[in-house]
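# Fold and contact review
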Amino acid sequence: MKFYLSKYKSNKPPASAKFPCITFYRDTWNDFSYYTQFFVKLWIEPSEPIELETIKILQLEEDKILLKTNLPEEFDRLDTEFCSLGQGKKYYDELINHWC
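Residues numbered from 1 in each chain as written. Predicted model: local features only at pLDDT ≥ 70, side-chain atom pairs only at ≥ 80, totals over all residues. Heavy atoms only, no water.

### Examining the pattern of salt bridges
Heads up, the condition is: Whenever Lys or Arg places a side-chain nitrogen within 4 Å of a carboxyl oxygen from Asp or Glu, that contact is recorded as a salt bridge. Helical segments are the DSSP runs of H or I of at least four residues, strand segments are the runs of E of at least two, and each set is numbered from the N terminus. Exposure classes here rest on a 1.4 Å probe applied to the protein chains alone. A residue is buried below 20% of its type maximum, exposed above 50%, and partly exposed in between.
For the structure on display, the rule yields 6 salt bridges. Between K2 and E74 there is a salt bridge, and its shortest N-O distance comes to 3.3 Å. Placement of K2 in strand β1 (residues 2–6) and of E74 in strand β6 (residues 74–75) is noted, with a sequence separation of 72 residues between them. Under the relative-accessibility criterion, E74 is labelled partly exposed at 41%. Salt-bridge contacts for K7 lead to E73; the nearest nitrogen and oxygen are separated by 3.6 Å. Separated by 66 residues along the polypeptide, K7 in the loop between β1 and β2 (21–26) and E73 in the loop between β5 (64–65) and β6 bring together distant segments of the chain. Overall, E73 belongs to the exposed group, its relative accessible area being 53%. Counted as one network, the salt bridges with shared partners bring together K2, E74 and D76.

As structure tokens, this is what we get:
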């Protein structure tokens, strides 16, 4: 499955996206100077997004947590310098219902 970072609040996948996919859009919420929260959508089909609540993704660099997570624009998986946590039960329930 492909993952895409969206630059727009609509959080739509790029025209070249392969489905199913997941898109992320950065939330501007400041968590004690950390900007790690993203809005997430699961796209089974181009016209049917499923809102997955928010996720926090931390990024480490040389054993320090970066104040702002820098996701690649497109990826299949994140490297070990990242860790994530869904911010609600719905996030995990929807993943299980639609992905497993």
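### Observations regarding a nonpolar patch on the surface
Note the following rule: Patch membership is restricted to residues that have no salt bridge and whose relative accessible area is over 30%. Joining uses 9 Å for like charges and 5 Å for the nonpolar side chains Val, Leu, Ile, Met, Phe, Trp and Tyr. All accessibility values rest on the Shrake-Rupley procedure with a 1.4 Å probe; residue burial counts only the protein chains present in the view.
Where nonpolar side chains cluster on the molecular surface, the patch consists of F32, Y34, L60, I65 and L67 and spans about 510 Å² of accessible area. Its place among the elements puts F32 in the loop between β2 and β3 (37–43).

Interpretation in functional terms is not warranted from these geometric data alone.
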